Amino acid sequence: MINLPAILMFGAFVLLTLGITRWAARPTRTTSDFYGAGGGVTGFQNGLAIAGDYMSAASFLGISAQIFADGYDGLIYSIGFLVGWPIILFLMAERLRNLGRYTFADVASSRFAQTPVRTFAALSTLSVVLFYLIAQMVGAGQLIRLLFGLPYGYAVGIVGVLMTLYVLFGGMIATTWVQIVKAVLLLGSATVMALLVLAQFGFSPEALFARAVEVKAGLAAAEGASAPEAAAQGRSIMGPGNFINDPVSAISLGMALMFGTAGLPHILMRFFTVPDARQARISVLWATGWIGYFYILTFVIGFGAIILVATNPEFLGADGALRGGGNMAAVHLADALGGDLFLGFVSAVAFATILAVVAGLTLAGASAISHDIYATVFRHGEASSADELKVSRRTVLVLALVAILLGILFEKQNVAFMVSLAFALAASGNFPVLILSLLWKGCTTRGIVAGGTVGVVLALVLTILSPAIWVSVLGYEEAVFPFSSPTIFAMPLAFFTIWLVSILDRNARAGIDRAGYAEQRVRSETGIGAERASAH
């Protein structure tokens, strides 16, 4: 059945964001405007925009769905997504802003040979962006299919068209303001949902969890479990083991979420939108606060869905699974709490969440091709601003098409898990490259390229061989790589390879790389010579 309030709120949000895009298109004339909003975003605004970029479909739909399915185990995402931010605050934010212009490759290649390092950085960026995009497209497709009754493929196509419009015409200015609007709406709606859930239990989390255990035990008993087995299944949602049941996968996933945050290209790109390093630090402080608060709310939302959604046949299909797919627990909870009107609002916010993140991802992918590959590698820094923008906008069109196709292919995957695979790639390639290039004098071009490539390729291969793709997507009976995340193997090997190749590197370029560290350190910690905000 078509939900008229949801359609109206969807329409209102799309019109609002298209209006923002039209407004932002006017001052978007140069590469600085397109990639970095001219460096004119304040720390508070950028903190909200980072939160809006980071609180993705995986956060809102995926984590709540994981908690709905497995209870306490879903908290690994909430904690993992959050704890990477102190690393960014204390080790990276200031240095990133002082060394970079538009992309994280500007930072990684600041004292190294440009062509090999930027080529690696661009390919790594595209790998991370595509996995991240898959999760957003899957979430959007399931949401629109549930509310509008459209076929899944058409739903994904609509998101692809809208994300193209935002980035193509508005660049970073439009993307920033769409993310700010989305962050405010998401924080507000999640707060209301959590309060409405807690109000039903006298604002007692203990009573909420106790009732969730009873519901899970009752569902297990209804499926034929004995009384002791049903009681054990009920209690299991308050402990680990339902989602990840081996320590290697648990540690590996935790490493991916923690260190991957510091290697996400679309997040790192946001530090180049502020005027100076002080505003970059302020951005991280605000973002960490908003994000931490939001993840507390997802835990309440997930357990609320166990109680109010899992027991209501209206939200379940004939097979007992959630209508609209496994990622729709939070959306159904909104319906249970506030009826069609609140469902429409929360659905529009979820859609806003997806579009804002997709816009940021697309911009990061486009900048990797146009700025790192075309302007720096192919044109050796001689490309005009107009030519670079033209390449960037063409790349947006290609990325949109690829995202639509991958979104259709990975329809059945949990969106939080798909994002964790993107984090694994970022933690295994981008993070070792960034941290050692910033902090280790002995790092060389060959070491960076070799170690980064080893980390990304190994993470990508092991991800393909893991159950998430080898079994769930490709249809094989047993996975070649039995663990859910490759980070525990790929990231240490990347660090080791960078170290080993660098200390064995004796060519002339290695001497230049090591000699350039002192100048890089002065600029990274003082801001002398850093890119300044453009005047408008």
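Residues numbered from 1 in each chain as written. Predicted model: local features only at pLDDT ≥ 70, side-chain atom pairs only at ≥ 80, totals over all residues. Heavy atoms only, no water.

(A) Structural context of the environment of Ala-352. Along the chain, Ala-352 turns up in helix α15 (residues 329-378). For Ala-352, a relative accessible area of 0% corresponds to the buried category. Along the primary structure Ala-352 and Leu-185 are separated by 167 residues, whereas in three dimensions their C-alpha atoms are 8.5 Å apart. In this structure Ala-352 touches Phe-13 and Lys-182, once residues within four positions along its chain are discounted. (Helix = DSSP H or I, 4+ residues; strand = E, 2+ residues; numbered from the N terminus. Buried < 20%, exposed > 50% of the residue type's maximum accessible area, 1.4 Å probe, protein only. Contact = heavy atoms within 4.5 Å.)

(B) Representation of empty space enclosed by the protein. One pass over the structure, following the stated rule, counts two cavities of 30 Å³ or more. Its volume calculated, the second largest cavity comes out at about 50 Å³. As for the second largest cavity, its lining consists of Tyr-102, Thr-103, Phe-104, Thr-125, Pro-265, Met-269, Ala-364, Ser-367, Ala-368 and Asp-372. Top element by residues in the lining of the second largest cavity is α15. It accounts for four residues. Of the residues assigned to the lining of the second largest cavity, the class counts are six nonpolar, three polar and one charged. (1 Å grid on protein atoms, 1.4 Å probe; cavity = no way out; pocket = protein on both sides within 12 Å on 5 of 7 lines; lining within 4 Å. Points joined across faces, edges and corners; volume = space filled by probe spheres on them. Nonpolar A, V, L, I, M, F, W, Y, C, P; charged D, E, K, R; others polar.)

(C) Region of interest: the nonpolar core. Core analysis: the biggest nonpolar cluster contains 164 residues, and Phe-60 and Phe-271 have the highest contact counts within it. Sort the elements by how many residues they give to this core and α15 lands first, with 23 residues. Not counting residues within four places of it along the chain, the set of residues in contact with Phe-271 comprises Ile-50, Trp-85, Ile-88, Ala-93, Leu-96, Arg-97, Ala-280 and Val-284. (Core = buried A, V, L, I, M, F, W, Y, C linked by side-chain atoms within 4.5 Å.)

(D) Up close: the environment of Leu-257. Within the secondary structure layout, Leu-257 lies in helix α12 (residues 247-260). We classify Leu-257 as buried; its relative accessible area is 0%. Remark: the alpha-carbon pair of Leu-257 and Ala-426, spanning 169 residues in sequence, is separated by 9.3 Å. Setting aside its immediate chain neighbours within four residues, Leu-257 contacts Ile-76, Tyr-77, Gly-80, Phe-81, Ser-420 and Phe-423.

(E) A look at the pattern of salt bridges. Overall, the coordinates contain nine salt bridges when judged by the stated rule. Its salt-bridge partner being Arg-118, residue Asp-372 comes within 2.7 Å of it at the nearest N-O pair. In this pair, Asp-372 sits in helix α15 while Arg-118 sits in helix α8 (residues 114-148), placing the two residues 254 residues apart along the sequence. Relative accessible area serves as the criterion here: at 1%, Asp-372 is assigned to the buried category. (Salt bridge = Lys/Arg side-chain N within 4 Å of Asp/Glu carboxyl O.)

These figures come from the coordinates and say nothing about function on their own.
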